[in-house]
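Chain residues, written in single-letter form:
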Amino acid sequence: MAEPDAALPSRRRRQDRSGVGGAGDRPRGGGRDHGRHRGGADDRFGATLEALGGLARDGAAVSASVIDTSSGKALLAVDDTLVQPVASLGRVLLLIEVAAQLEDGGLHGDRLQRMARDTATGAGLWQFLQESTMQVSDLATLVGATADAWAMNALLSTVGIDAVRERAESLGIERTALIDRVRDRRGPDDAPDASVAATGELSWLFRGLALGEVVDEAVSNRVLGWLSLSSDLSLVAGSFALDPLAHRSLDHGLQVVSVTGSSLGVRAEAGILRGPASSVSYAVTVTFDDATLQRRLAVVDALRTMGTEVLEAVHQPARR
């Protein structure tokens, strides 16, 4: 990866977006769906279907989507219109809005002050640093690299949640939303989740980023650059055998850009994996009873199984 704000090569021509929902169309419409754990996949994702099906039989709600980046063909679709909580994974929508405002000059050179209203004891580094002000682009880097809660809240306070929502709507995003800031506790007057998403939309969104089509090529590349720094390769991307702290360049022909969301009873990931033979965008969400470590480990193991088959898919030529 040669440039800080350019991760995967984008394509200027428009691509067909069929296949995201498993029925030939990108998911449309809002509101929560109640999944029936039905899905389809080509024969490269048999173990993934079995692993996710096992979680579903144990009471988890599962949703997954894998799309060939070039053709838009759906390789895996498991309840991919199901809207589920995804913890802070919705920060990708915030980063898109921040990138757009940086590109159009709305946030050029701005420095943000760390404020008491933005504090949260979640992920990130800013809460441990002596520097109390940072440039917007540096805060976006922290969000991309560590899901920094303070940086995310500061950016959200600056650009406004309405702007994030309007940007998502302009991109045709209807089932995925950032709905609240990061909070240590959620009271009765707070949104129940920081963000919600449908995996079909997430994989479509990441495909659009890879093709340089989310707002435009410059915005897409900024977002990919920030997310390419993510240090969380604990879920699907844990099967790619990449250095979690340095994986921006091609490594054995692989390059990943991903974002995760984790909270009590929630594990989610979306991303793009480029390989020697092809590139795919993917997303998966599992909500489950997090009462025991064994249940959590079972979820992580299922997501690693999916990661193994995603890895195998990018080593095989795309099937047209």
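- In the nomenclature of an unreviewed UniProt entry, the protein is known as Beta-lactamase class A catalytic domain-containing protein of Curtobacterium luteum.

## Section: the packing of aromatic side chains
- Counted by the stated rule, this structure contains one aromatic pair.
- Their ring planes at 85° and their centres at 6.4 Å tell us that Phe240 and Tyr282 sit as a pair that is edge-to-face. With Phe240 in the loop between α7 (217–227) and β9 (255–263) and Tyr282 in strand β11 (residues 279–287), the pair connects residues that are 42 residues apart, well separated along the chain. Neither residue differs from the other here; Phe240 and Tyr282 are each classed as buried.

## Regarding the pairing of strand β3 (residues 74–78)
- Of all the five residues making up β3, four are buried; the element is thus mostly covered by neighbouring parts of the structure.
- The pairing of strand β2 (residues 61–68) with β3 spans four bridges and is classified as antiparallel. In the strand pairing of β3, Val66 is matched with Leu76.
- The turn joining β2 and β3, which pair antiparallel and follow one another in sequence, is formed by five residues; a positive phi near 80° is taken by Gly72.

## Some remarks on the pairing of β9
- With seven of nine residues buried, β9 is to be regarded as a mostly interior element.
- Two strands pair when backbone bridges link them, and β9 and strand β10 (residues 266–274) are joined in this way by nine bridges, in the antiparallel orientation. Paired with Ser262 across the two strands is Arg267, which belongs to β10.
- Counting the residues in the hairpin turn of β9 and β10 gives two residues, including Gly265, whose phi is positive at 80°.

## With respect to α7
- The buried count for α7 comes to nine of eleven residues, which makes it a mostly enclosed element.
- Buried residues belonging to α7 abut α2 (91–103), α3 (136–146), α6 (199–210), β9 and β10.
- For α7, the N-terminal cap is Asp216; the gap from its side-chain oxygen to the backbone nitrogen of Ala218 is 3.2 Å.

Calculation notes
- Here, residues in each chain are numbered from 1, in the same order as that chain's written sequence.
- This being a predicted model, a pLDDT of at least 70 is required before a residue's local features are given, and a value of 80 or more before pairs of side-chain atoms are given or counted; all residues contribute to the totals for chains, interfaces and linings.
- Computation of side-chain values: all heavy atoms of the structure, hydrogens and water removed.
- The rule is short: rings of Phe, Tyr and Trp, with Trp giving its six-membered ring, pair when the centres are within 6.5 Å, and they are stacked under 30 degrees, edge-to-face over 60, tilted in between.
- Note on conventions: DSSP H or I runs of at least 4 residues are helices, E runs of at least 2 residues are strands, and numbering of each starts at the N terminus.
- Partly exposed describes any residue whose relative accessible area lies between the buried limit of under 20% and the exposed limit of over 50%, with all areas from a 1.4 Å probe on protein chains only and scaled to the type maximum.
- Only strands that DSSP links by at least two bridges are regarded as paired with each other.
- Only heavy atoms matter for contacts: two residues are in contact if any of them lie within 4.5 Å across the pair.
- Polar contacts, as counted here, are pairs of nitrogen or oxygen atoms within 3.5 Å of one another; within protein the pair requires one atom able to donate a hydrogen and one able to accept it, and residues that are adjacent in sequence qualify only if both atoms are side-chain atoms.

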